Protein chains: 2
Amino acid sequence: MTKAELIEEVSTKTELKRRDVSDIVDSVLECVKGALQKGDKVQLIPFGSFEVRKRKAREGRNPKTGEKLMISARTVPAFHPGKDLRDAVQKPVKKK
Amino acid sequence: MTKAELIEEVSTKTELKRRDVSDIVDSVLECVKGALQKGDKVQLIPFGSFEVRKRKAREGRNPKTGEKLMISARTVPAFHPGKDLRDAVQKPVKKK
DNA sequence: GACGGATGACCAAGGCTGAGCTGATAGAGG
DNA sequence: CCTCTATCAGCTCAGCCTTGGTCATCCGTC
């Protein structure tokens with residue numbers, strides 16, 4: 001599902017202009033990005049939370065050449081799913 | 001940052017009603033959840049992608065008692081950050 | 001606006017899985 | 001049309017993930 005399809009679906013659901021939906025979705029992503037830049041956590045309860053994770057430096061490896069290389073410590077964006085999402089994606093094999 | 005603050009900020013940016021923003025954000029999350037339930041991937045380029053990840057069954061451990069326990073295989077929601085996000089959360093040490 | 005219900009964070013310790021390294025290409029999205 | 005992402009290889013270690021109770025907080029209702 002692409003952003004266009006998502007916007008299509010949302011505009012249908014909410015009966016709002018696709019332009020507005022697109023605008024809002026874009027702004028939401030901008031805001032989340034901004035918050036993460038500031039190191040803030042974004043909580044979309046009960047959907048999940050966006051947060052930044054510190055990654056320590058480690059020894060990686062070039063999968064093509066097999067050469068060892070140093071991966072510097074970095075900050076990566078992470079998403080922690082909420083209960084709603086975790087439950088939703090579970091296969092209906094086991095119904096709780 | 002909570003959902004309310006996010007909506008506040010987005011409504012300010014887009015100059016749209018807070019009610020509409022809230023409605024749309026909610027619908028977006030619903031759509032993403034639905035797509036993930038179907039096993040689809042949701043691409044919010046260049047922000048990132050939501051996808052489901054298969055987790056193999058493994059032997060866990062009760063951190064309280066130390067007892068071993070079997071963790072059944074499961075499907076978990078995951079978020080893969082896009083280039084924009086990955087770059088954004090990096091410390092401004094290196095400005096591109 | 002205030003309260004209640006619900007959800008998330010937190011913590012313990014330890015083991016193993018999965019992410020992620022490069023980079024070129026192909027395909028698709030904006 | 002340009003940019004972005006997925007994909008793939010093999011290998012390694014670090015981060016995560018488990019339970020469960022409690023506390024804070026967030027959302028929604030009244």
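Presented here is an overview of the structure given in this document. (Residues numbered from 1 in each chain as written. Chains lettered and ligands numbered in written order. Predicted model: local features only at pLDDT ≥ 70, side-chain atom pairs only at ≥ 80, totals over all residues. Heavy atoms only, no water.)

**Some thoughts on the pairing of strand E2 (residues 48-55) of chain A**
All names here are of chain A. Pairing between strand E1 (residues 42-44) and E2: three bridges, direction antiparallel. By the bridge assignment for E2, leucine 44 is matched with glycine 48. With eight bridges joining them, E2 and strand E5 (residues 74-81) adopt antiparallel strand pairing. Bridge pairing in E5 links lysine 54 to threonine 75. (Pairing = 2+ DSSP bridges. Helix = DSSP H or I, 4+ residues; strand = E, 2+ residues; numbered from the N terminus.)

**Quick look at the nonpolar core**
Ranked by size, the top nonpolar core spans 40 residues in total, and within it Phe50 of chain A together with Phe50 of chain B carry the most contacts. Sequence-distant contacts of phenylalanine 50 of chain B, defined by excluding residues within four places in its chain, comprise Phe47, Phe50 and Phe79 of chain A together with Val32, Leu36, Asp40, Lys41, Val42, Leu44, Ala78 and Phe79 of chain B. (Core = buried A, V, L, I, M, F, W, Y, C linked by side-chain atoms within 4.5 Å. Buried < 20%, exposed > 50% of the residue type's maximum accessible area, 1.4 Å probe, protein only. Contact = heavy atoms within 4.5 Å.)

**Notes on the interface of chain A and chain B**
Listed per partner, the contact involves 46 residues of chain A and 46 residues of chain B. A combined buried area of about 4,300 Å² lies between chain A and chain B, and 71% of that area is made up of carbon and sulfur atoms. For the interface between chain A and chain B, the tally reads two salt bridges. Note that aspartate 84 of chain A and lysine 33 of chain B form a salt bridge whose closest N and O atoms lie 3.2 Å from each other. Seen at the junction of chain A and chain B, the total is 14 residue pairs in polar contact (both at pLDDT 80 or more). Of the residues in the side of chain A that touches chain B, the class split is 26 nonpolar, seven polar and 13 charged. (Buried area = accessible area lost by both parts, 1.4 Å probe. Salt bridge = Lys/Arg side-chain N within 4 Å of Asp/Glu carboxyl O. Polar contact = N/O pair within 3.5 Å; in protein donor to acceptor, adjacent residues only side chain to side chain. Nonpolar A, V, L, I, M, F, W, Y, C, P; charged D, E, K, R; others polar.)

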